[in-house]
Amino acid sequence: MSKLVLSRIVDRFGAAVLSHHSDCGDETALVSPAQLVEICRFAKEDPALSCEMLMDLTGVDYLGLKPAAGRFEVVYHLYSLSKGHRIRLKVELPEAEPKVASVVPLWKSALWMEREAFDLYGIKFDGHPDLRRILLYPEFEGYPLRKDYPMEKRQPLIGPRAGREHL
Amino acid sequence: MASSDANSQLLGNEAVVTTLAEAEGFFRRFLNKNEVVQDIVGWGRAWSFFQYPFVTACCGMEYMAAAGPRYDYSRFGAELPRFSPRQADLLMVVGTITHKQAPVLRTVFEQMADPKWVISFGVCASSGGFYRNYTTVQGIDTIIPVDVFIPGCPPRPEAVLDALMMLQTKVRNDRRPLLPVVK
Ligand code: SF4
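The rules behind the values
Once a new chain begins, its residue numbering starts again from 1 and follows that chain's sequence as written. Labels follow written order: the first chain is A, the first ligand is 1, and so on. This being a predicted model, a pLDDT of at least 70 is required before a residue's local features are given, and a value of 80 or more before pairs of side-chain atoms are given or counted; all residues contribute to the totals for chains, interfaces and linings. Just so you know, side-chain values use all the structure's heavy atoms and leave hydrogens and water out. Any pair of residues with heavy atoms lying within 4.5 Å of one another is described as a contacting pair. Computed with a 1.4 Å rolling probe, the buried area is the accessible surface lost when two parts are put together, summed over both parts. Any carboxyl oxygen of Asp or Glu that lies within 4 Å of a side-chain nitrogen of Lys or Arg is treated as forming a salt bridge with it. Think of a polar contact as two N or O atoms within 3.5 Å of one another; within protein, one of them needs to be a possible hydrogen donor and the other a possible acceptor, and neighboring residues in sequence only count if both atoms come from side chains. We define proximity as follows: a residue is near a molecule or strand when any one of its heavy atoms falls within 4 Å of that partner. Charged means Asp, Glu, Lys or Arg here, nonpolar means Ala, Val, Leu, Ile, Met, Phe, Trp, Tyr, Cys or Pro, and polar covers whatever is left, Gly included. Like-charged residues within 9 Å of one another, or nonpolar side chains (Val, Leu, Ile, Met, Phe, Trp, Tyr) within 5 Å, are grouped into patches, provided each residue has over 30% relative accessible area and no salt bridge. Areas reported here follow the Shrake-Rupley algorithm with a probe of radius 1.4 Å; residue values treat only the protein chains shown as occluding. The classification of residues rests on relative accessible area computed with a 1.4 Å probe and restricted to protein chains. Under 20% of the type maximum is buried, over 50% is exposed, and intermediate values are partly exposed. Secondary structure is summarised from DSSP: a helix means a run of H or I of at least four residues, a strand means a run of E of at least two, and numbering begins at the N terminus for each. Any two strands are treated as partners once DSSP identifies two or more bridges connecting them. Every axis in this analysis is a line fitted to C-alpha atoms, fitted for helices over the stretch in contact. Angles between the N-to-C directions lie between 0 and 180 degrees. For every residue, the predictor states its confidence as a pLDDT score lying anywhere from 0 to 100. Helices are assigned an expected span. That span is 1.5 Å times one less than the residue count. The arc in question is traced by the directions running from the helix axis to the C-beta atoms.

The subject of this paragraph is the interface of chain A and chain B. Contact with chain A, which involves 22 residues of that partner, is made by 18 residues of chain B. Roughly 1,700 Å² of surface becomes buried between chain A and chain B when both sides are summed, with 60% attributable to carbon and sulfur atoms. Joining chain A to chain B, the criterion identifies 1 salt bridge. Taking the shortest distance from any N to any O, the salt bridge between Arg132 of chain B and Glu152 of chain A comes out at 2.9 Å. Applying the counting criterion to the chain A and chain B interface returns 3 residue pairs in polar contact (both at pLDDT 80 or more).

Laid out in structure tokens, this is it:
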């Protein structure tokens, strides 16, 4: 079923699909960030695809595994409630400025998921109406799920107490 | 109006105390001479803890087991959990405390009226436990003073009862001033 989704996207967008595979029945397409919103809109609105649901959106850090130009990935899982098929889309983003267009205009569920990816990986989503931290507090510095975030780094909101002055 | 003469008589018929300083002087002279009074007060406090359960994680299940009829720590006088810090004198920190939550915990602690005690329930509250990461407070004693730590993930109810008995001993031997020191 999902093979149809993948082939329709590949037929329609040709060069914007950088690579694709169907390992273990999971149809996956690596697409160009510039075309991402177009492809998503097609996947949502094309009657044969009608992926009404954005199931998941997450960031990945491939530090040391991929060149800096493609260090970060954003992964989108789309699902069609009416047709029952799925497709996975990925975009690669550079280390210097990980930024991709927001899919909030297509799926409201992206509101919080994009905030989460921003919070933990520092990936910016262009056009997101309210891109703030969602899990951590505003004073937090850095992005803790990046692989180069120091493991022992602590950022207490209130400092350790000085003495036993409470007693 | 109390004269200093009437005050020195402690329970003189005309001892009407009108200012805080007079009241403090009156009680301090009365109480500090009486070890026995401290014993009685300590006994009363040790057998009537009003706990505030600050429950944040899975340790809460074990807290409920310890509070339930099988282990029933109300046998030790800690009968009623109060869900307002103003009404509590024993803060039970049960579960993982994140840095985001730390200010809340400290506020709750500071809202409790003296005298107050803190039990750190489980390894997460005591040391961060296995959450050795960017979010978790590595032991609540870095933000508030703790009287008794309970190890375990989660602690057995027996350990909770043991901690409660240790705290009772501590409270009964407490010799802090019975009245808050007015500055
Ligand atoms: S000590 Fe264990 S049981 Fe208790 S809150 Fe932490 S992880 Fe959960």
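Once that is clear, we can look at the site of the ligand. Lining the immediate surroundings of the ligand are Ala57, Cys58, Cys59, Gly95, Thr96, Val123, Cys124, Phe130, Gly152, Cys153 and Pro154 of chain B. When its residues are assigned to classes, the shell around the ligand shows 8 nonpolar, 3 polar and no charged.

Residues Met53, Met55 and Leu81 of chain A make up a contiguous nonpolar surface patch of about 270 Å² in total accessible area. Leu81 of chain A gets classed as exposed once you look at its relative accessible area, which sits at 55%.

This part covers the pattern of salt bridges. Residues and elements named next belong to chain A. Counted under the stated rule, the structure contains 18 salt bridges over all chains. With its nearest N and O atoms 2.9 Å apart, the salt bridge here joins Arg8 to Asp46. Within this pair, whereas Arg8 is found in helix α1 (residues 2-13), its partner Asp46 is found in the loop between α2 (36-45) and β3 (53-61), the two being separated by 38 residues in sequence. A residue is classified by how much of its surface remains accessible, and Arg8, at 31% relative accessible area, is partly exposed. Across the pair Lys99 and Glu97 runs a salt bridge, and its minimum N-O distance is 3.9 Å. Through salt bridges that share partners, Asp61, Arg71, Glu95 and Asp148 make up one connected network.

All names here are of chain B. Here Met112 is to be found in the loop between α5 (102-111) and β3 (117-121). Remark: the alpha-carbon pair of Met112 and Ala65, spanning 47 residues in sequence, is separated by 25 Å. Beyond its immediate stretch of four places on either side in the chain, Met112 contacts Pro85, Ala88, Asp89, Leu90, Leu91 and Trp117.

Residue and element names in this part refer to chain A. Spatially, β1-β2-β5-β4-β3 is the arrangement adopted by the 5 strands of the open sheet, whose pairing is mixed. Edge strands, defined here as strands with exactly one partner in the open sheet, are β1 (17-21) and β3. Each neighbouring strand pair of the sheet contributes to a mean axis angle of 20°, computed without reference to strand direction. One ladder, built from 8 bridges, connects strand β4 (residues 72-79) with strand β5 (residues 86-93); its direction is antiparallel. Paired with Glu73 across the two strands is Glu92, which belongs to β5. Of the strands in this sheet, β2 (28-31), β4 and β5 touch α2, which is tilted by about 175° from β5. In the packing of helix α3 (residues 110-121) onto the sheet, the strands contacted are β3 and β4, and the crossing angle to β3 comes to about 5°.

Attention now moves to the confidence of the model for chain B. Residue and element names in this part refer to chain B. Averaged over all residues, the pLDDT of chain B equals 82, while 81% of them reach at least 70. Low pLDDT, under 50, characterises residues 1-11; the predicted model gives this stretch 15 contacts beyond four residues in sequence or across chains. For this predicted complex, the interface confidence reaches an ipTM of 0.76, while the overall pTM sits at 0.78.

To continue, consider α1 of chain A. Residue and element names in this part refer to chain A. Under the 1.5 Å per step criterion, the end-to-end length of α1 is 17 Å for 12 residues, consistent within 8% with the ideal 16 Å. Listed in full, the buried residues belonging to α1 are Ser2, Val5, Leu6, Ile9 and Phe13. Along α1, the residues classed as buried sweep out an arc of 95° about the axis, all on the same side. Turned more than 90 degrees away from the buried face of α1, the exposed residues are Lys3 and Asp11. Once α1 ends, the next one or two residues include Gly14, with phi positive near 35°.

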